[in-house]
Amino acid sequence: QVQLVESGGGLVQAGGSLRLSCTASGRTFSTYTIGWFRQAPGKEREFVVAISWSATYYADSVKGRFTISRDNGQNTVHLEMNSLKPEDTAVYYCAADEDTKVVTRTIYPAYWGQGTQVTVSS
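Attention here is on the structure that accompanies the text. This is a predicted model, so every value here is computed, not measured.

**Some thoughts on the sheet that holds strand S1 (residues 4-7)**
Taken in spatial order, the four strands of this open sheet run S1-S3-S8-S7, and their pairing is antiparallel. Single-partner strands in this sheet number two, and they are S1 and strand S7 (66-71). Each strand axis lies, on average, 15 degrees off the axis of its neighbour in the sheet, ignoring direction. Pairing of strand S3 (residues 18-24) with strand S8 (residues 76-81) involves six bridges; the strand directions are antiparallel. The partner of Thr 23 across the bridge, within S8, is Thr 76.

Structure (structure tokens):
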């Protein structure tokens, strides 16, 4: 069982930056692939970025602007978001699964956080 807690959302102007964090419970954190997904009002949930024990994965829409990193000693994953755009506005969810493909190719990872709101004003 893994429990995930997100933090760091908020309101920022276009072009600004935010840092999201996802802290997980459990002693086997390093074996999980951790991903960030987002859901804007009226839209489907979509994959944003993920990190396994050896690789990172980015949606085309955020490449070059977002950076994911993990600290296995602290059971935490960070998402640095730069050059934010109004279309980045959404609720951002942290998710985890032992299968990297489930995180990077589906929207059905086994474990989810409660979500944190990111709002980018124009």
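**Some thoughts on the pattern of salt bridges**
When their charged atoms lie close together, side chains carrying opposite charge are able to pair. One pass over the full model with this rule turns up five salt bridges. Taking the shortest distance from any N to any O, the salt bridge between Glu 46 and Arg 38 comes out at 2.7 Å. A residue is classified by how much of its surface remains accessible, and Glu 46, at 37% relative accessible area, is partly exposed. Among the ionic contacts, a cluster of salt bridges with common partners joins Arg 38, Glu 46, Arg 65 and Asp 88.

**Observations regarding the environment of Tyr 92**
By secondary structure assignment, the location of Tyr 92 is in strand S9 (residues 90-97). Each C-alpha atom, one on Tyr 92 and one on Thr 116, is 5.3 Å from the other, the two residues being 24 residues apart in sequence. Here Tyr 92 is in contact with Glu 6, Leu 20, Trp 36, Phe 37, Arg 38, Val 48, Phe 66, Met 81, Gly 115, Thr 116 and Val 118, once residues within four sequence places are set aside. At 2.9 Å, the side chain of Tyr 92 forms a polar contact with the side chain of Arg 38.

Criteria and thresholds
Residues numbered from 1 in each chain as written. Predicted model: local features only at pLDDT ≥ 70, side-chain atom pairs only at ≥ 80, totals over all residues. Heavy atoms only, no water. Pairing = 2+ DSSP bridges. Helix = DSSP H or I, 4+ residues; strand = E, 2+ residues; numbered from the N terminus. Axes fitted to C-alpha atoms, helices over the stretch in contact; angles between N-to-C directions. Salt bridge = Lys/Arg side-chain N within 4 Å of Asp/Glu carboxyl O. Buried < 20%, exposed > 50% of the residue type's maximum accessible area, 1.4 Å probe, protein only. Contact = heavy atoms within 4.5 Å. Polar contact = N/O pair within 3.5 Å; in protein donor to acceptor, adjacent residues only side chain to side chain.

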